[in-house]
Amino acid sequence: MLKNSALLTAALAAFHTVNINGFYLPGVAPRSFHKEDVVELKVNKLTSIHDEYPIEYYRLPFCQPDKGVSMVNENLGEFLSGDRIENSPYKIKMQKDMYCEQVCISHLGRVEARGVSPSKMVRAIKRNYHDNWIIDNLPSASKLEDEHDSYVKYSHGFPIGFVANAEDAEEGSKKPEDLRAYINNHVNIELEYHEVDGAVPGTKEYRIVRFIVEPFSIKHDFVATFTDDDDDDGEENYYPDEGRKVAKISNPIVSCDPSAKEKMHWNYMATRASNAPGPQLASGNVLFTYDVIWTENREVAWTSRWDIYLSGEYDLPGQVHWFSISNSLIVTFFLTAMIATHLVRNLRRDYNRYYKLLTDKECNEDLVKFRWKLVHADVFRPPSNPMTLSVCCGSGMQLLCMSVVTLVFATMGFLSPSRRGSLINSLLNLYVLMGGVAGFVTSRMYKTFTGKSSQKSTIMTAFGFPGLAFGVFFIMNMLAIFLKRSSYGVPYSRILVLILMWLGISTPLVFLGAHFGFKQGAIEFPVTTNDTPRQIPDQPWFKGWVFTTAIGGVIPFSACFVELYFIMSSIWMNQYYYFFGFLFLTFVIFLLMCAEITILFTYYQINGEDHRWWWRSFTTGGASALYVFGYSCLYFTALESISVATYILYIGYMALISFGLFLVTGTVGLMSAL
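About the cut-offs
Residues numbered from 1 in each chain as written. Predicted model: local features only at pLDDT ≥ 70, side-chain atom pairs only at ≥ 80, totals over all residues. Heavy atoms only, no water. Salt bridge = Lys/Arg side-chain N within 4 Å of Asp/Glu carboxyl O. Buried < 20%, exposed > 50% of the residue type's maximum accessible area, 1.4 Å probe, protein only. Helix = DSSP H or I, 4+ residues; strand = E, 2+ residues; numbered from the N terminus. Patch = residues over 30% accessible without salt bridge, like charges linked within 9 Å, V, L, I, M, F, W, Y side chains within 5 Å. Areas by Shrake-Rupley, 256 points an atom, 1.4 Å probe, with all protein chains shown as cover. Axes fitted to C-alpha atoms, helices over the stretch in contact; angles between N-to-C directions. Left-handed = near helix turned anticlockwise from the far one by under 90°. Contact = heavy atoms within 4.5 Å. Nonpolar A, V, L, I, M, F, W, Y, C, P; charged D, E, K, R; others polar. Arc of directions from axis to C-beta. Pairing = 2+ DSSP bridges. Lys, Arg positive; Asp, Glu negative; His and termini not counted. Charge placed at Lys NZ, Arg CZ, Asp CG, Glu CD. UniProt positions renumbered as here; feature names shortened; annotations may be inferred. Parallel < 35°, antiparallel > 145°, perpendicular 65-115°, else oblique. pLDDT = per-residue confidence, 0-100. Expected span 1.5 Å × (residues − 1). Disulfide = S-S within 2.5 Å. Phe/Tyr/Trp six-rings, centres within 6.5 Å; stacked < 30°, edge-to-face > 60°. Polar contact = N/O pair within 3.5 Å; in protein donor to acceptor, adjacent residues only side chain to side chain. Core = buried A, V, L, I, M, F, W, Y, C linked by side-chain atoms within 4.5 Å.

Draft legend 1. Fine view of the pattern of salt bridges. Tallied over the entire structure, the rule returns 11 salt bridges. For Lys-204, the salt bridge goes to Asp-197, with nearest N and O atoms at 2.8 Å. In this structure Lys-204 comes out as partly exposed when scored by relative accessible area, which is 39%. Of the residues examined, Asp-197 reaches a relative accessible area of 60% and is grouped as exposed. Between Glu-609 and Arg-534 there is a salt bridge; the shortest N-O distance is 3.4 Å. Of this pair, Glu-609 sits in the loop between helix H15 (580-607) and helix H16 (614-622) while Arg-534 sits in the loop between helix H13 (492-519) and helix H14 (545-572), and the two are 75 residues apart along the sequence.

Draft legend 2. Expanded view of a nonpolar patch on the surface. Judged by side-chain polarity, Val-404, Val-408, Phe-409, Met-412 and Phe-414 come together as a nonpolar surface patch covering roughly 370 Å² of accessible area. Structurally, Phe-414 can be placed in the loop between helix H8 (386-412) and helix H9 (422-433).

Draft legend 3. Structural view of the packing of H15 against H16. Between H15 and H16, the least distance of the axes is 9 Å, while the angle of their chain directions is 145 degrees. Every pair of crossing elements has a handedness; the one defined by H15 and H16 is right-handed. On the side of H15, the interface is formed by Cys-594, Thr-598, Phe-601, Thr-602 and Gln-605, while H16 contributes Arg-616, Ser-617, Thr-620 and Gly-621. Partitioned by chemical class, the residues of the contact of H15 with H16 number two nonpolar, six polar and one charged.

Draft legend 4. Representation of helix H11 (residues 454-463) within the structure. For H11, the set of buried residues is Ser-457, Thr-458, Thr-461 and Ala-462. Mapping the buried residues of H11 onto a view down its axis gives an arc of 135 degrees, with all of them on the same face. Turned more than 90 degrees off the buried face of H11, the exposed positions are Gln-455 and Lys-456. In this structure, the buried side of H11 is in contact with H8, helix H10 (435-448), helix H12 (465-483) and H13.

Draft legend 5. Looking closely at the pairing of strand E1 (residues 38-43). Here E1 shows one buried face, formed by Val-39, Leu-41 and Val-43, and one open face, formed by Val-38, Glu-40 and Lys-42. Relative to strand E2 (residues 86-93), E1 runs antiparallel, the two sharing five bridges. Note on E2: the bridge partner recorded for Lys-42 is Asn-87. Note: E1 against strand E5 (residues 133-135), three bridges, orientation antiparallel.

Draft legend 6. Summary view of a positive patch on the surface. Side chains of Arg-110, Lys-120, Arg-123 and Arg-485 sit close together on the surface and give a patch of like positive charge. Here Arg-485 lies in the loop between H12 and H13. Since its relative accessible area comes to 53%, Arg-485 is described here as exposed.

Draft legend 7. Here's a closer look at the UniProt feature "transmembrane region" (unreviewed entry) in the protein. The feature "transmembrane region" (unreviewed entry), as annotated in UniProt, sits at residues 427-446, 458-483, 495-518, 545-566, 578-601, 613-636 and 648-671 in this numbering. Annotated as residues 427-446, this span is 95% helix and 0% strand, and its ends, taken at the C-alpha atoms, are 27 Å apart.

Draft legend 8. Expanded view of the packing of H11 against H12. At a minimum axis distance of 4 Å, the contact between H11 and H12 shows a crossing angle of 30 degrees. Classified by the angle between their axes, H11 and H12 sit roughly parallel to one another. Listed contacts from H12 to Thr-461, Ala-462 and Phe-463 of H11 are Phe-465, Pro-466 and Gly-467. Looking at the contact of H11 with H12, its residues break down into four nonpolar, two polar and no charged.

Draft legend 9. Main features of the confidence of the model for the protein. The predicted model of the protein has a mean per-residue pLDDT of 80, with 79% of residues at 70 or higher. Segment residues 1-27: pLDDT under 50, and 35 contacts once partners within four positions in sequence are set aside and those in other chains are kept. Taken together, the stretch residues 313-317 has pLDDT below 50 and engages in 14 contacts with residues farther than four places along the chain or on a different chain.

Draft legend 10. Representation of H8. Over its 27 residues, H8 extends 39 Å from the first C-alpha to the last, a length consistent with the 39 Å expected when each residue adds 1.5 Å. Most of H8 is tucked away, with 19 of its 27 residues classed as buried. Positive backbone phi, at 100 degrees, marks Gly-413, one or two positions downstream of H8.

Draft legend 11. Structural detail: the sheet that holds E5. With antiparallel pairing, four strands are arranged side by side in an open sheet as E2-E1-E5-E6. At either margin of the open sheet sits one strand with a lone partner, and together these are E2 and strand E6 (138-139).

Draft legend 12. Summary view of the side chain of Ser-426. Note that Ser-426 resides in helix H9. Accessibility expressed as a relative area gives 12% for Ser-426, which makes it buried. The residues contacting Ser-426, other than those within four sequence positions of it, are Thr-406 and Leu-415.

Draft legend 13. Summary view of the state of the cysteines. All chains considered together, the criterion is met by one disulfide. The partner cysteine of Cys-63 in its disulfide is Cys-104, sulfur to sulfur 1.9 Å. Where Cys-63 bonds to Cys-104 through sulfur, the torsion about that S-S bond is close to -90 degrees, and the disulfide is left-handed. Residue Cys-63 is located in the loop between E1 and helix H2 (76-80), and its partner Cys-104 is located in strand E3 (residues 98-107); the two are separated by 41 residues in the primary sequence. You can call Cys-104 buried: its relative accessible area is 13%. Of all cysteine sulfurs, the one in Cys-393 lies closest to Cys-392, which takes part in no disulfide; the gap is 7.0 Å.

Draft legend 14. Local environment of the packing of aromatic side chains. As enumerated under the stated definition, the model contains 35 aromatic pairs in all. Pairing Trp-133 with Phe-158 gives two aromatic rings, centres 4.9 Å apart and planes at 85 degrees, and the pair type is edge-to-face. Taken together, the residues Trp-133 in strand E5 and Phe-158 in strand E9 (residues 158-159) connect sequence positions 25 residues apart. The exposure class of Trp-133 is buried, given its relative accessible area of 2%. With a centroid separation of 4.2 Å and 25 degrees between ring planes, the pair formed by Trp-613 and Trp-614 is classed as stacked. Each of the two residues, Trp-613 as well as Trp-614, counts as buried.

Draft legend 15. Structural view of the side chain of Ser-443. Residue position: Ser-443 is located in helix H10. Given a relative accessible area of 1%, Ser-443 falls into the buried group. In terms of polar contacts, Ser-443 uses its side chain to reach the backbone carbonyl oxygen of Phe-440, at 2.8 Å. Setting aside its immediate chain neighbours within four residues, Ser-443 contacts Gly-513, Ala-514, Gly-517 and Phe-518.

Draft legend 16. Structural context of the nonpolar core. Counting 122 residues, the largest nonpolar core has Trp-133, Ile-189 and Phe-211 as its most contacted members. The element best represented in this core is H15, accounting for 14 residues. Counting seven residues, the second-largest nonpolar core is a separate cluster that includes Leu-76, Val-432, Phe-473 and Met-501.

Now the structure itself:
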């Protein structure tokens, strides 16, 4: 007993170790800089928890680079996740501090007023959109200081602005007409580095280990002269529309006086009672500035520079994972004991009595007592709609293989957050390559069911679930492009790549797998099926489809709902997920529970002389997906979104994910019962 406990503890510790140190094992090399080397700052999509559609950075009137905007080469996974990484006008050099550097002057749009439609910038601020900058593949973090608890928490990204009372409003007023949007037009960029020996002996190089941004709203006092790029008449041009302008500042900026450097941490309530510059409204001409502060940090290693993003992402402590897995293991052991009791003790006793030489009277009494023997010639009767069941099993096995292999790679550290888009790329590529598995399983099952339309079953496998997934994706993509103008809109060239992967790789592999599956013989069963099906007696309510589905889904769901919270936060709350070791262990427990509960209910069903177990076992195993979808609907209330397009996006993708999970767990349940 002690030995088994020690082995279990060692296994769990191994998973925990992978979670912490698995990010930088393979394929990620550190980048070193020399003093005053150019450090490029890149911008990514704008995200918000109040609107699930991200916005491209330069769709808002932010300052643009002098040489024009250029997109960084992105993989397919980054496009599908909405990432749009582009260059920026911010100029940074290694170990060179800067103070109040001017970026540009931009016209953000009309002033807020009653009855007037707000500008794009004001709408984005009120929806709490956040900037997501990148330096050396390290995302920006913002510090959240708690004055009462005296701690600093780091969050992903930083807000582009905030909403507060207007200067002429009553203090503490919450009326919508008294609220105004303010732009964070100044940022303190804090960069930390550590020193390493250079490639050339005697030289030093530097690696960036932390990237922190503190945004501020400062009403700079300046006079700007605007000129038109296309106009050489030298006259001043004041543009009424929002957008980037070319300007020349013709007076000293008081708010950028070096003596005011320590006063840059403006607070709106404090500025109302002082002579310091107040916050900047998100309208009119706005000057954007920034500071750069370099600090040496010898404590943070390059391999652990992501820790501030991962340790502060979730409100729940890490011990919750251990508590959840411990409870799941207890339930799993309990289910295993029940399976052992019924399928080892009872069946062994039944077999011993069955093979004994019994009189006719004893035999009849035995069959009445153990009624599952009465349906031995009907249990392997082909189900209704055998082609649909075969296709569901093939698609479920394809998704299962894709998920298992992806989790293995993620646990080993190949799919770290620093490699953007790698997780989606892995899922997509593995799904395409597992097409042969889908074709093979479908053909074997369909041939076992004595199906005659082999080509039709193969076509349904190749175009069934992939066609459904592509249809949902295409509809969401059209909404993102034409309705929301979001970065979720994938370019048509990338959509063509998806179609080529589907029709050019996955579909031929499905047909190849089906070819080998049909060449093999059907699954041989130990008994012969009667020509006439046996009449099924009336079943009690607790053996009905509704009850078994409800109970069969809730027990496996109880093993994964904690981990599901973190996954949902990663997908819909723009947070990082890194508990891949925990997820792999939870996934194994989850599938084991689905298999065991299906075996148990199938035994009870056959013992009740109901031989229609094929579809029942599939739905019992897949019932947990219904609870996942129900939980996702409950989780949606935490997103605080009122956009109809967001409803469609969320429900559409969660329904698709839940249906895919239904196929996976249903296949596991049916194969286990078989």
